[in-house]
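Each chain is listed here by its residues.
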Amino acid sequence: MPIAYFRTPVGIARITEEDGFIASVSIRDEEYEIEPAPTQLLQTAIDQLNEYFAGTRKDFTFPIKQQGSEFQQQVWDELLRIPYGTTITYAQQSNQMSNPLAIRAIASANGRNHLWVVVPCHRVIGSDGSLTGYAGGVWRKKWLLEHEAKVLGVGQTKLEF
């Protein structure tokens, strides 16, 4: 399975390719040697993620496929419907999936998403507005949400003097 690493504002991204699809994107705290991407698809993913972090891309067009149950696939498909710069709650996600009693199962499936940033689980927050759970750490979730708000020029994400 080809793998590429590249530096982002929130850590080193690790991208894997499998059978012509991007299978995972995760951001690590550890340092890795940054080398040219071994495949064109991995380079395309790097380019598009760099554009996202530069604020010039809101959607990704490279092919993705991650391993998961039918339910997890449905949850991840719903995440792809959340517009850039928008947040919803886990309760809203469960209602949109016509499964209002499955909030915990949906939250668990969100946590098993292997395509960070690309499948935007960072856009789902707690019902009280809190930034609950994110596999990459709540500080990264906060950074991603602030980044998207800043790019869109909406909301005040922090006090600046």
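Residues numbered from 1 in each chain as written. Predicted model: local features only at pLDDT ≥ 70, side-chain atom pairs only at ≥ 80, totals over all residues. Heavy atoms only, no water.

### Side note on the nonpolar core
Alright, step 1. With 38 residues, the main nonpolar core has Ile 15, Ile 22, Leu 49 and Val 117 as its most contacted residues.
Alright, step 2. Non-local contacts of Val 117, meaning those with residues more than four positions away in its chain, are made with Ile 27, Leu 49, Tyr 52, Phe 53, Phe 60, His 122, Tyr 134 and Leu 144. (Core = buried A, V, L, I, M, F, W, Y, C linked by side-chain atoms within 4.5 Å. Buried < 20%, exposed > 50% of the residue type's maximum accessible area, 1.4 Å probe, protein only. Contact = heavy atoms within 4.5 Å.)

### A few points about the pattern of salt bridges
Alright, step 1. Enumeration over the complete set of coordinates arrives at six salt bridges.
Alright, step 2. Note that Glu 31 and Arg 7 form a salt bridge whose closest N and O atoms lie 3.3 Å from each other. One end of the pair, Glu 31, is in the loop between β3 (21-28) and α1 (40-54); the other, Arg 7, is in strand β1 (residues 3-8), and 24 residues separate them in sequence.
Alright, step 3. In this structure Glu 31 comes out as exposed when scored by relative accessible area, which is 57%.
Alright, step 4. Between Arg 81 and Glu 78 there is a salt bridge whose closest N-O contact spans 3.2 Å.
Alright, step 5. Judged by relative accessible area, Arg 81 falls into the exposed class, the value being 55%.
Alright, step 6. On the basis of relative accessible area, Glu 78 is assigned to the buried category, the value being 11%. (Salt bridge = Lys/Arg side-chain N within 4 Å of Asp/Glu carboxyl O. Helix = DSSP H or I, 4+ residues; strand = E, 2+ residues; numbered from the N terminus.)

### Observations concerning the sheet that holds strand β2 (residues 11-18)
Alright, step 1. Taking strand neighbours across the sheet as the criterion, the three strands line up as β1-β2-β3 in an open arrangement whose pairing is antiparallel. The sheet is open, and its two borders are formed by β1 and β3, each paired with just one other strand. Ignoring which end each strand starts from, the neighbouring axes of this sheet average 20 degrees apart.
Alright, step 2. By the bridge criterion, six bridges tie β1 to β2 in an arrangement that is antiparallel. Bridge pairing in β2 links Arg 7 to Ile 12.
Alright, step 3. Lying over the sheet, α1 contacts β1, β2 and β3, oriented at roughly 15 degrees with respect to β1. (Pairing = 2+ DSSP bridges. Axes fitted to C-alpha atoms, helices over the stretch in contact; angles between N-to-C directions.)

### Quick notes on α1
Alright, step 1. Helix length check: α1, at 15 residues, gives a terminal C-alpha distance of 21 Å against a target of 21 Å (1.5 Å per residue), a fit within 8%.
Alright, step 2. Listed in full, the buried residues belonging to α1 are Leu 41, Leu 42, Ala 45, Ile 46, Gln 48, Leu 49, Tyr 52 and Phe 53.
Alright, step 3. Here the buried face of α1 lies against β1, β2, β3 and α5 (138-152).
Alright, step 4. Gly 55 sits one or two residues past α1 and shows a positive phi near 85 degrees. (Expected span 1.5 Å × (residues − 1).)

### Points about the packing of aromatic side chains
Alright, step 1. Inspection of the entire model under this criterion finds seven aromatic pairs.
Alright, step 2. Taken together, a centroid distance of 5.9 Å and an interplanar angle of 50 degrees make the contact between Phe 53 and Trp 143 tilted. One end of the pair, Phe 53, is in helix α1; the other, Trp 143, is in helix α5, and 90 residues separate them in sequence.
Alright, step 3. Residue Phe 53 is classed as buried on the basis of its relative accessible area of 11%.
Alright, step 4. Residue Trp 143 is classed as partly exposed on the basis of its relative accessible area of 26%.
Alright, step 5. Feature note: the residues Tyr 52, Phe 53, Phe 60, Phe 62, Tyr 84 and Trp 143 constitute an aromatic cluster, connected by ring pairs.
Alright, step 6. Sitting above the plane of the Tyr 84 ring, Lys 58 keeps its charged end 5.8 Å from the centroid. (Phe/Tyr/Trp six-rings, centres within 6.5 Å; stacked < 30°, edge-to-face > 60°. Lys NZ or Arg CZ within 6 Å of the ring centre and 35° of its normal.)

### A word on the environment of Ile 34
Alright, step 1. By secondary structure assignment, the location of Ile 34 is in the loop between β3 and α1.
Alright, step 2. In this structure, the C-alpha to C-alpha distance between Ile 34 and Ile 12, residues 22 residues apart in sequence, is 8.9 Å.
Alright, step 3. For Ile 34, the contacting residues outside a window of four places in its chain are Tyr 5, Phe 6, Arg 7 and Ile 12.

### Comments concerning the environment of Lys 65
Alright, step 1. Along the chain, Lys 65 falls in the loop between α1 and α2 (70-79).
Alright, step 2. Since its relative accessible area comes to 46%, Lys 65 is described here as partly exposed.
Alright, step 3. In this structure the C-alpha to C-alpha distance between Lys 65 and Phe 21, which are 44 residues apart in sequence, comes to 5.8 Å.
Alright, step 4. Leave out the neighbours within four places in its chain, and Lys 65 touches Phe 21, Ile 22, Ala 23 and Leu 115.

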